[in-house]
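Remarks on the overall topology
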Amino acid sequence: MKINYRFSPKIYLLFLLTVCSVDAQEIWVSNKGADANLGTKESPLATVNMALRKVRNMRRLNDPAVKSGVRILLAGGTYNLNEPIFIRPEDSGTAESPTTIEAADNGTPILSGGVEINKWKRAGKINGLKSGDVWVADAPKKAGAILDFRQLWVNGKKAVRAKSTSGDKMERILSWDKASETCWIPFKDKSVQFEPGMEMFIQQWWAIANLRIKKMEVKGDSAKLYFHQPESRIQSEHPWPAPWISEKTGNSAFFLNNAKSLLNEPGEWYLDKTNAKIYYYPKKGERLNSSTVIAPVLENLVEIKGTVDYPVSHVYFKGISFQYSNWLRPSQQGHVPIQAGMYLLDAYKLKEPGTPDKAGLENQAWIGRPRSAVEVNFSNHIKFQECSFQHLASTGLDLHKGNSNNLVQGNLFKDIGGSAINVGVFSDEAFETHLPYNPKDVREVSTNETIVDNLITDVTNEDWGCVGISAGFVKNITIAHNEISEVSYTGIGLGWGWTKTINAMSGNKVIANNIHHYGKHLYDTAGIYTLSAQPGSVIKENVIDSIYFNPYAHDPYHWFYLYTDEGSAYFTVKDNWVPAEKFLQNANGPNNLWTNNNAFVSETIKENAGIRSPYKSLLSEVVVDKNWPLQEVPHFAAVELIGQDFDATKIKKIAKTNGVIDAQLYQWKNHTVLYAKLNHIEHLKNELALEYPNATIQTYNTPVYNFNKFEHCKDNQLADEWEHVLLTANLVEDEKLQQEYLQYHDTQFEEWPEVAQGFCNANFQQLQVFKNGRQLMLVISIPKGSSLDELNPKTKENNPRVNDWNDIMKKYQTGIEGTNPDETWVFLEKID
């Protein structure tokens, strides 16, 4: 049954009756059972794999007991997996007879790929810490070999792999030499020693890299790092995203990790594979002898794998928790992603740019795909409902290749190292990643997937360049009513290939999602981000807000609410709520339609975005870092330069590099005013002062009066485009009169409502009054194509109180320096 993103109660009830038929055959599983048992509630099996085998045999023999389906019921508790659960075409159900793997009796069955570490003891002195501060246990083994892992959880909280910086701090690299494939870093702490297995974690543009250090040469307060292959060559050869070198914003940030000499902060751990020991420095209040400490072992917990001709179908998961997955490739071959966590297998810059698809393409890249706790290939009508994906090293759920008509609804994705959900092919390993993917066998393309009403929070916390929901070459996907928060990079990514050429993608829908608290560690980001041509695709009615301030961003202003990147074409982007129109349309293709994306969309859109009933209880799990600052929302403000010989082109360029949205310049005599939506106004002022050291520069950041049509008029439909009219005047010198002026404006909406009504009558979109010292800056915003001469008289039509107001205001105002004696307000002329 294809589920539309808007459910009716009747459809929902029908769905429940279909999935949970009372006539379905039951097979019971318990972590206290045995696979030799019958599989009844009284005599349960021990493993899901054995339950699947029983169902497989029943279907093979056409057992009439499965006519109405099969329910594999898991009792609550932890199921420690020795191998992944493997679901194959022979395990398929039908629409009338699905196989459902579900929680029994409201329990919480946990499919765990982890191993518990016990018998902790206090260690001796380590790294100058007191004896007993650090605890030690034997490293877990399997078949006599030490298990390797990159994460550790203590009482369900992820511990920190021992690293060179404290808390969230990072250092900056000094330089990167591509020819020798080496990096210089500051190295003042001589207690740190090079150890085999030590790694560098580096932030570069919109991605990170994990680089295994081969050798370290210390010279004074610096160190030169050499790296293992293959990542050493790839890191130095690939042009995008490369290490960032900038005097203005700082070089790429980094830290070193995975060395015993780095273990010096509570909450850190280290696996000593040479001596088969694991060390942990407990946080205050943690007691290791009574704590649950789990290391991940399995990279994959569940694999659903069909073929293009024999897909897996009608297998449903409900109420299952998938926890503690591992991912070891960074420890074995390093990890250098190009974007969205897709790692480079090979990449280099072309000496002569150009490919048959893109004449200007300057690089080549081939990518691999990170492992996932649950992996699905060649399937249809698979459902994940009310499940949880937690404490996972890499991706949570991967609907990779050849999937169709699957449903992911009402699930929790939390504490995940990579993306919560990956969907569709990004590029096959043998396929250059900038080429348009359009296979001859369309069954390879993931189609009609539905991802709705999920909570995705605290994800991408290992690989910062991953995405909340990341979709590659997909068709007719619906991503709707999800809540996404606490993401290091982008909330939803849709598309791949960087190409305007028509490809496999079309008809995709991103609707009514609530995305907030994103971009925590990497910029060149957005709440919703797209790539390549996708005919008939729609992004609408989403709510995007609250991007984190990133102290180590390569470009502190290169963040957006909506971002259609290279090749994006044939999109409709409309009715999305954002606090400001901070968008980027970079190298887009044709036929994109943008309408009504702002803070003035219908209140109903804001109310309807995000998770719907009956899944709203998930919202109690939302993670937001209240100790991490947010970016200031861009807002209308003005910067005035007083002086001579200002270059409008240069001022606009400075404004653009400082994240100013649609900078407009106005001039009266020696006064030049920039008016636009911006944030960090003092930083912009300082940049302009460097360019014009002899100018007087003053800012107008917060209006003392702010009328806008959306809030104050009965007819609050705003014009799509505005023009701004700027005037300036001074307040009189009498400070008492100045205060009276401000008081009048503070109470105008309550005591002089006719004034605001006059502005409504004149169709003013916005009217702001700013103040710096005595000087006032008045900005009247009107529909583009209108004139103030035409509209202003309407403020006074049948409205004598406006005249009264104007008469009162005259005694508080006077002209600025340079005006004639009879002049008060002077108009600034727009500079094109």
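Whatever comes next refers back to the structure up there.
Heads up: these notes are all about the structure in this document. (Residues numbered from 1 in each chain as written. Predicted model: local features only at pLDDT ≥ 70, side-chain atom pairs only at ≥ 80, totals over all residues. Heavy atoms only, no water.)

For the protein chain, the helix and strand inventory stands at 13 helices and 67 strands. Against the compact-globule benchmark of 28 Å for 832 residues, the protein chain has a radius of gyration of 30 Å, which places it among compact chains. For the protein chain, the spread of C-alpha atoms along the principal axes amounts to about 100 × 70 × 60 Å. When burial is assessed residue by residue, the protein chain has 58% of its 832 residues classed as buried. Total accessible area on the protein chain stands at roughly 34,400 Å², and carbon and sulfur atoms take up 48% of it. (Helix = DSSP H or I, 4+ residues; strand = E, 2+ residues; numbered from the N terminus. Rg over C-alpha atoms; globule rule 2.2 N^0.38 Å. Buried < 20%, exposed > 50% of the residue type's maximum accessible area, 1.4 Å probe, protein only. Areas by Shrake-Rupley, 256 points an atom, 1.4 Å probe, with all protein chains shown as cover.)

Bridge analysis of strand 1 (residues 25-29) against strand 2 (residues 70-74) gives five bridges, and the strand direction is parallel. Directly across from Q25, in strand 2, lies its bridge partner V70. (Pairing = 2+ DSSP bridges.)

Residues Q229 and P230 are joined by a peptide bond in cis, for which omega reads 10°. Tracing the backbone shows P230 in the loop between strand 20 (222-227) and helix 3 (231-237). Note the cis peptide between S613 and P614, where omega equals 5°. With a phi angle near 55°, A276 is a residue other than glycine that sits in the positive phi range. Mapped onto the elements of the fold, A276 is located in the loop between strand 22 (268-272) and strand 23 (277-280). Exposure remark for A276: the relative accessible area of 16% places this residue in the buried category. The backbone phi angle of N448 is positive, close to 60°, even though this residue is not glycine. Under the relative-accessibility criterion, N448 is labelled partly exposed at 22%.

For the rest of this paragraph, the subject is helix 11 (residues 753-761). All of the buried residues along helix 11 are V755, A756, G758, F759 and C760. In this structure, the buried residues of helix 11 make contact with strand 62 (705-708), helix 8 (709-712), helix 10 (748-751), strand 64 (766-772) and helix 13 (800-810). Positive phi shows up at N763, right after helix 11, with a value of about 65°. (Contact = heavy atoms within 4.5 Å.)

Here the focus is the environment of A253. On the secondary structure map, A253 appears in strand 21 (residues 253-257). Residue classification places A253 among the buried residues on the basis of a relative accessible area of 0%. Counting along the chain gives 301 residues from A253 to H554, while the straight-line C-alpha distance between them is 9.0 Å. The contacts of A253, once residues within four sequence positions are left out, are M170, E171, R172, F201, I202, Q203 and Y552.

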